[in-house]
Amino acid sequence: MSLHDDAVLVLKAYEGQAELRQIYLDHLAAHPDGMWKACEAGHLTASALVIDPDQGRVLLTLHRKLRMWLQMGGHCEPQDVSLAAAALREATEESGIPGLTLLGGPVRLDRHPIPAPCHWHLDVQYAAVAPPGSTQAISEESLDLRWFPYEAVAEVADESVVRLLEATRARL
């Protein structure tokens, strides 16, 4: 199964955000290359909020280009066999934490504009649980990497990250 086909199946099975989910499905139907960064109309991305439920905290990255505190994530790569695999790969690479475990399927969707030549990121957002005692390691994509208590996220991150955290906590 291709990554494109996996994305369609994942989105059809996702029960939340019906209007936005349909935008994603329409995009994939209209753009066979809609999974890839080269698709100028926009493309799907995969991200994961790394959480430590035992300590009541989340790991955020200070994104090098955007200079915003965000969850780990990015573009799908040819070796990714699924959206979940892409989200887990991105979270592991950007957090430096081995042994992350996804909390099932997508937690939410987030569509946001990006600078030309592309126009949209259609982000499929997951949550990943960090193993007890995990130590993070900053990647080249980050200016900083830091654990934040759940209550502090709204002070440092935008509404998209806050909504992702709320949806993740509802799943725990």
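Conventions used here
Residues numbered from 1 in each chain as written. Predicted model: local features only at pLDDT ≥ 70, side-chain atom pairs only at ≥ 80, totals over all residues. Heavy atoms only, no water. Buried < 20%, exposed > 50% of the residue type's maximum accessible area, 1.4 Å probe, protein only. Helix = DSSP H or I, 4+ residues; strand = E, 2+ residues; numbered from the N terminus. Pairing = 2+ DSSP bridges. Contact = heavy atoms within 4.5 Å. Salt bridge = Lys/Arg side-chain N within 4 Å of Asp/Glu carboxyl O. Polar contact = N/O pair within 3.5 Å; in protein donor to acceptor, adjacent residues only side chain to side chain.

Peer 1: Mind laying out the pairing of strand β7 (residues 120-129), listing which residues take part and the relevant values?
Peer 2: Burial runs high along β7: 8 of the 10 residues are buried. By the bridge criterion, 9 bridges tie strand β1 (residues 43-52) to β7 in an arrangement that is parallel. Across the sheet, the residue bridging to Leu44 is Leu122, located in β7. Bridging between strand β5 (residues 101-102) and β7 involves 2 bridges; their strand directions are antiparallel. Each residue of the ladder has a partner; that of Leu102, found in β7, is Ala128. Here 6 bridges tie strand β6 (residues 108-113) to β7, and the two strands are oriented antiparallel to one another. Paired with Asp110 across the strands is Asp123, a residue of β7.

Peer 1: Go over the environment of Pro32, please, and point to the residues and values.
Peer 2: Here Pro32 lies in the loop between α2 (18-30) and β1. Each C-alpha atom of the pair Pro32 and Ala91 lies 26 Å from the other, and the pair is 59 residues apart in sequence.

Peer 1: Would you mind going over the side chain of Asp110 in detail, with residue names and values included?
Peer 2: Assignment of secondary structure puts Asp110 in strand β6. Owing to a relative accessible area of 9%, Asp110 belongs among the buried residues under this scheme. Setting aside residues up to four positions removed in sequence, Asp110 forms contacts with Leu20, Tyr24, His121, Leu122, Asp123, Gln125, Ser160 and Arg163.

Peer 1: Summarise the pattern of salt bridges; cite the residues concerned and give the values.
Peer 2: Opposite charge on two side chains allows them to pair when their charged atoms are near. As enumerated under the stated definition, the model contains 6 salt bridges in all. Note that Asp52 and Arg57 form a salt bridge whose closest N and O atoms lie 3.0 Å from each other. Here Glu90 makes a salt bridge to Arg89, at a shortest N to O gap of 3.1 Å. Comparing Glu90 with Arg89 shows no difference in burial state: the two are buried. One salt-bridge network, held together by shared partners, links Asp80, Arg89, Glu90 and Glu93.

Peer 1: So, the pairing of strand β2 (residues 57-63): which residues are in play, and what are the values?
Peer 2: In terms of burial, β2 is largely enclosed, as 5 of its 7 residues are buried. In terms of strand pairing, β1 meets β2 through 3 bridges, oriented antiparallel. Opposite Ile51, over in β2, you have Val58 as the bridge partner. Hairpin connection, β1 to β2: the antiparallel pair is bridged by 4 residues, and Gly56 has positive phi, about 65 degrees. Where β2 meets strand β3 (residues 69-70), 2 bridges bridge the pair, whose relative direction is antiparallel. If you follow Thr61 over to β3, its bridge partner there is Leu70. Remark: 5 residues form the turn of the hairpin made by β2 and β3, two consecutive strands paired antiparallel; Arg67 in that turn has positive phi of roughly 55 degrees.

Peer 1: Account for the side chain of Ser47, naming residues and giving values.
Peer 2: Along the chain, Ser47 turns up in strand β1. Of the polar contacts made by the side chain of Ser47, one reaches the side chain of Asp123; its length is 2.7 Å. Leaving out residues up to four positions away in the same chain, Ser47 has contacts with Gln71, Met72, Gly73, Ala87, Asp123, Val124, Gln125 and Tyr126.

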